[in-house]
Amino acid sequence: MFNTREAVKNIHWVGGSDRRLALFENLFPVPRGVSYNSFLILDEKTALIDTVDSSIRQQFTDNVKGVLAGRKLDYLVINHMEPDHCASIEDIVLRYPEVKIVGNAKTFQFIRQFYDFDLEGRTVEVKEGDTLPLGEHTLQFVFAPMVHWPEVMMTYEQKEKILFSADAFGTFGALNGNLFADEVRYEREWLDDARRYYSNIVGKYGAQVQAVLKKAAGLEISMICPLHGPIWRRDLDWLLGKYDLWSRYVPEEKAVAIFYGSMYGNTENAAELLASRLSQAGVQNVAMYDVSSTHVSYLISEIFRCSTLVFAAPTYNMGIYPAMHNLLHDMKALGLGCRTAAVLENGSWACASGKLIRQQLAEMKNMTVLEPGLKLASSLKDCQAPELDAMVQAVAQSLQ
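A brief structural summary. Fair warning: this is a prediction, and the values are worked out from it, not measured in the lab.

About the cut-offs
- Residues numbered from 1 in each chain as written.
- Predicted model: local features only at pLDDT ≥ 70, side-chain atom pairs only at ≥ 80, totals over all residues.
- Heavy atoms only, no water.
- Buried < 20%, exposed > 50% of the residue type's maximum accessible area, 1.4 Å probe, protein only.
- Helix = DSSP H or I, 4+ residues; strand = E, 2+ residues; numbered from the N terminus.
- Pairing = 2+ DSSP bridges.
- Axes fitted to C-alpha atoms, helices over the stretch in contact; angles between N-to-C directions.
- Contact = heavy atoms within 4.5 Å.
- Parallel < 35°, antiparallel > 145°, perpendicular 65-115°, else oblique.
- Left-handed = near helix turned anticlockwise from the far one by under 90°.
- Nonpolar A, V, L, I, M, F, W, Y, C, P; charged D, E, K, R; others polar.

A few words on the pairing of strand β13 (residues 138-143). Burial analysis of β13 places six of its six residues in the buried class, which makes it a mostly covered element. Pairing analysis gives three bridges linking strand β12 (residues 131-133) to β13, with the strands arranged antiparallel. Residue Pro 133 lies in a different strand from β13, and its bridge partner there is Thr 138. If you look at the hairpin formed by β12 and β13, you'll find four residues sitting between the two strands, and Gly 135 has a positive phi there, around 135°. Summarising the sheet, β13 and strand β14 (residues 153-157) pair through five bridges and their orientation is antiparallel. Its bridge partner being in β14, Leu 139 is matched across the sheet by Glu 157.

Below you can see the structure in the form of structure tokens.
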């Protein structure tokens, strides 16, 4: 039995959700699963916008068949060739042999890399701004290279003013029957996953996202249909505002995130004391994370959210504690910057973590490091209370 829903008249959601998946891209925990969105337009010509991951292929093909109700499929539009969206292309081609595949030059390059079927006579190659009339509906193609693959494009449906936005504006999380963002408590239940999705999947490509946002500003958009997560038909300015902040690497909130690594609890104890003193100093928005037990994708998401970061770590094999080193490496790889940071270091002998953390931060754009930091020799001593107080004051002032 097929399971679909009309987004607007004659435009049907035909996707599905995978609640069994543990790691998205075999990297990122998805405890709430993930959805894969695809849309089918019925007009004089029919057009399917993207396919889905192989995990829900049967449900997807049943959905397409159910909505078509015996009609042929004229076009398959491919906005993004990553396998969680392109895995069912060959199934569609086999089931609907007359279908024309719509994409750009790089789309077809990737199809040839993933598949062996013959593309001769099956393709419609489009360029930036090209249109494809279906009858009452007309598709316009908006290129979005490196958001977050080189072939990515978005499809704008002119009649209903819908932007099929590929991976942009998506989120982790399976759909629970509610298709639209205004049907759920999005800010409370979805925003953290949306931020974590953006920051880890798309976050490196802020400049490219900014370019697409400028293109979107030239379109009259009434609905945004991403490839993952709920559809947006209200409060689009709120969503676009989040993307504008994230893609400019501007902190979303005046907040403190303390990231600590600790082998035997001494560095953790100092971080706990710092958090407690910050609270006593009137700082309300403080979050703490053990970098050894928290997946790095959650840490990266919090760095996108927070304005002030504290890195607390011991020296390990004359270097930075490995889990902290991994976090700093990911920050640099994703182009993060524009934050204020403080460093709490520990070492029983030859303490080096603070110097090395500062070197890593210095390689990131527009990072301000508060000085002096706090240096422990094995554990925090009572005589270091003035140093702790100085760090508390500096961190609190950074929020003003």
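Back to the write-up after that little detour.
Pairing is mixed in the open sheet, where seven strands are placed in the order β1-β2-β7-β8-β9-β10-β11. One side of each edge strand has no neighbouring strand; the edge strands of this open sheet are β1 (5-8) and β11 (123-125). Shown here is a sheet whose adjacent strand axes are inclined to one another by a mean of 25°, direction ignored. Pairing geometry for strand β9 (residues 75-77) and strand β10 (residues 100-103), over three bridges, is parallel. Each residue of the ladder has a partner; that of Tyr 75, found in β10, is Lys 100. With respect to the sheet, helix α1 (residues 57-68) is in contact with β2 (11-13), β7 (39-41) and β8 (47-49), its orientation differing from that of β7 by roughly 20°. Set on the sheet, helix α4 (residues 105-114) makes contact with β10 and β11; between it and β10 the angle comes to about 120°.

Read across the sheet, five strands follow the order β12-β13-β14-β15-β16 without closing on themselves; strand pairing throughout is mixed. Edge positions in the open sheet fall to β12 and β16 (223-225), since each of these has one partner strand only. Between one strand and the next, the sheet's axes are offset by a mean angle of 20°, whatever the strand orientation.

Moving on, we get to the environment of Val 291. Turning to its location among the elements, Val 291 is positioned in the loop between β18 (286-290) and α10 (296-305). The class of Val 291 is buried, set by a relative accessible area of 6%. Sequence separation between Val 291 and Gly 33 is 258 residues, and the spatial gap between their C-alpha atoms is 23 Å.

So, about the packing of helix α9 (residues 266-280) against helix α13 (residues 385-398). Packing of α9 against α13 leaves a shortest axis separation of 10 Å and a crossing angle of 55°. Classed by the angle they form, the pair α9 and α13 counts as oblique. Seen from above, α9 lies across α13 with right-handed handedness. Contact residues: α9 offers Leu 273, Leu 274, Arg 277 and Leu 278, while α13 offers Leu 388, Asp 389, Met 391, Val 392, Val 395 and Ala 396. Split by residue class, the contact of α9 with α13 holds eight nonpolar, no polar and two charged.

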